[in-house]
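Architecture at a glance
Here is how the chains run, residue by residue.
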Amino acid sequence: MTVFRWQPPPLSPSTEGWRPAFAMLALALSLPLPALAQTPSAALVASDPATPSTPPALMALPAPEPAAAPERPTDIDTARAIWQRANQRVAEFPRGHIDLLRWEMQNPARPSGGAGETAANTPALDMAGALRQSLRHRPGLFTHAGMNDLERATVQRAYAEHVRALQRAWIDAVSARQRLRLMGESLEAAATGAELGRRMVQAGNWSQARLLREQLTEAQAQQAWTRAAQAQQAATEQLARLLGMWDAQAVGQLTQRLPAQLPEPPAQLSTGASEVEATVLRSQPLLAQQRLRAQRALVAVSPERRAAWSQAVDEALKTPATPTAATPWLAPQIGDLRLVRDHSLEAAVEAESALLMVATERRSMAREAWRQLHAQHTGALQTQHALRLQTAQEQETLLRYNGMLQSSWDLLASAGERLGALDAAMMARRDFWLAQADWDALLAGADVEPASPGASSDNNKRAAAGGH
């Protein structure tokens, strides 16, 4: 590398005071170039294949072990000793649900059911914080003073679509984290039932067939936990992509930064049904621009010419061609060439038709999104009520168990039903907030195709089936 060497001129009284400054300049110019370089941007670091990364974390679920064969006695004394030991182990669960789960707490081989709670020194990543982080990497979603109305409306629409996508990803990630924790609790209950059943078989109070049913329930709970873990990882990665997070270690810690659960739905919806279509139409700035252009195009054409075009269309639609094997469907034909060659009339007709289709789609989106929001709101409140009833039923079962009126298996079944109801309530709450995100995006000017209502009911069915 060529080094610049500065040779100072002969000093004079007028230049004596500048000599230290010239010496510092010469020293700076003689330094190697990397010493003056700026810190590389995050984009350059992320796009460099040589940047080290942390291997992706994998799910740690223990492989199922074959059931141990019951101990077989060889004489009457051995049989009596086996029976006493087995009954003593069964007696380790004397107080119902709390003691039934104690065995699982002492078994570290089971998965914990998801990430722990947010650390005390780490602020939770709410939706507002996620939006700020995602906008740092999207300069195209910022408006500035030099934009006209059309440019500003275009940016606003793109911004609304981005907010909707981020909201849906954030909601999915939070609910996936909560559901994994819930599936972990279901797995713990199923493992406790399987362990208690194994001890009952050793005590001679159960058959091997009943134990196999409990072990099958445990295996199904393991599968449900695995599916929930996969869904959590996929939801976390989707949110990380929208946030611009590229470091694998930071993405792995993203789950711990999310809230523990979604907020409860409001008691009532704010917007009335009579204002739905008008509100959505007013919220679309591009529609106002298109309506203004259509008005200008229609004013440029006389009412007589528009009436003539309407009559020609009616005539063309009176005798539609009937499809045959030789002649398939044929488009209707306008016979008057003077109407077709009128450019002002053509522009007015096309502008009017395009405006009508856009307005029709917006009104239909508004009605469908509102119905979806209303249905999901009602479903969330209903499942929350069902969860309260299921919790009360579990408490009643616990009281009857303590009074020796019901068995441990009734208590375990009641706990599993409560977990299933909790899962259904959580999924219904997620579906409501997803519908709310669609409705908010419509009000902000975006185009939204609401999800099919059948998808939510299928999710709730799968959630209810996942409980023990």
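Residues numbered from 1 in each chain as written. Predicted model: local features only at pLDDT ≥ 70, side-chain atom pairs only at ≥ 80, totals over all residues. Heavy atoms only, no water.

Here we take up the overall build of the protein. Per the secondary structure count, the protein includes 17 helices and zero strands. For the protein, buried positions account for 35% of its 468 residues. Counting contacts in the protein only where the partners sit at least 6 residues apart, residues at least 24 apart contribute 82% of the total. Carbon and sulfur atoms provide 58% of the accessible area of the protein, an area that totals close to 28,300 Å². (Helix = DSSP H or I, 4+ residues; strand = E, 2+ residues; numbered from the N terminus. Buried < 20%, exposed > 50% of the residue type's maximum accessible area, 1.4 Å probe, protein only. Contact = heavy atoms within 4.5 Å. Areas by Shrake-Rupley, 256 points an atom, 1.4 Å probe, with all protein chains shown as cover.)

By the element assignment, L356 lies in helix α15 (residues 343-402). Each C-alpha atom, one on L356 and one on A294, is 9.9 Å from the other, the two residues being 62 residues apart in sequence.

Let's shift gears to the nonpolar core. Taken as a class, soluble globular proteins show a tendency for nonpolar side chains to be buried jointly. Counting 43 residues, the largest nonpolar core has L166, W170, L239, L243 and W439 as the members making the most contacts within it. If you list the elements that add at least two residues to this core, you get α6 (127-135), α7 (149-202), α8 (208-243), α11 (276-282), α15 and α16 (408-443). Those residues in contact with W170, other than ones at most four positions away along the chain, are L125, D126, M127, A130, L239, L258, P259 and L262. (Core = buried A, V, L, I, M, F, W, Y, C linked by side-chain atoms within 4.5 Å.)

Residue placement: L412 occurs in helix α16. Considering only alpha carbons, one finds L412 and G193, 219 residues apart in sequence, at a separation of 7.2 Å.

Aromatic ring pairs are defined here through the distance separating the ring centres and the angle between the ring planes. Enumeration according to the criterion identifies two aromatic pairs in this entry. When the ring of F432 is compared with that of W433, the centres are 4.9 Å apart and the planes differ by 65°; the resulting orientation is edge-to-face. For F432, a relative accessible area of 0% puts it in the buried group. (Phe/Tyr/Trp six-rings, centres within 6.5 Å; stacked < 30°, edge-to-face > 60°.)

Here we come to the confidence of the model for the protein. Counting all residues, the mean pLDDT for the protein is 76, and 67% of those residues have values of 70 or more. Per-element confidence in the protein ranges from a low mean pLDDT of 39 for helix α1 (residues 19-30) to a high of 93 for α6. When the criterion is pLDDT under 50, residues 454-468 qualifies, and its contacts beyond four places in sequence or with other chains add up to 28 contacts. (pLDDT = per-residue confidence, 0-100.)

As a further point, take the packing of helix α12 (residues 285-299) against α15. Running from N to C, α12 and α15 cross one another at 150°; their axes reach a closest spacing of 8 Å. Between α12 and α15, the crossing angle belongs to the class labelled roughly antiparallel. Crossing hand, α12 versus α15: left-handed. The residues of α15 that touch α12, namely those facing L287, Q290, R291, A294, A297 and L298, are A347, A348, A351, E352, A354, L355 and V358. Among the residues forming the contact of α12 with α15, the class breakdown is ten nonpolar, one polar and two charged. (Axes fitted to C-alpha atoms, helices over the stretch in contact; angles between N-to-C directions. Parallel < 35°, antiparallel > 145°, perpendicular 65-115°, else oblique. Left-handed = near helix turned anticlockwise from the far one by under 90°. Nonpolar A, V, L, I, M, F, W, Y, C, P; charged D, E, K, R; others polar.)

Further remarks concern α6. What α6 keeps buried is the set M127, G129, A130, L131, S134 and L135. Those residues of α6 that are buried lie in contact with α7 and α8.

With 54 residues, α7 ought to run about 80 Å at 1.5 Å a step, and its terminal C-alpha atoms sit 79 Å apart, in line with that. N-cap assignment for α7: the residue whose side-chain oxygen lies 3.2 Å from the backbone N of L150 is N148. Downstream of α7 by a residue or two, G204 has a phi angle that is positive, lying close to 80°. (Expected span 1.5 Å × (residues − 1). Polar contact = N/O pair within 3.5 Å; in protein donor to acceptor, adjacent residues only side chain to side chain.)

Enumeration according to the criterion identifies 15 salt bridges in this entry. The salt bridge partner of E195 is R199, with a shortest N-O separation of 2.7 Å. One end of the pair, E195, and the other, R199, are both in helix α7, four residues apart, so they sit about a helical turn from each other. Relative accessible area serves as the criterion here: at 9%, E195 is assigned to the buried category. A salt bridge links R305 to D342; the shortest N-O distance between them is 3.2 Å. Note that R305 is positioned in helix α13 (residues 303-318) and D342 in the loop between α14 (337-340) and α15, a separation of 37 residues in sequence. A relative accessible area of 28% places R305 in the partly exposed class. If you follow the salt bridges from partner to partner, you end up with R157, E161, R362 and D447 in one network. (Salt bridge = Lys/Arg side-chain N within 4 Å of Asp/Glu carboxyl O.)

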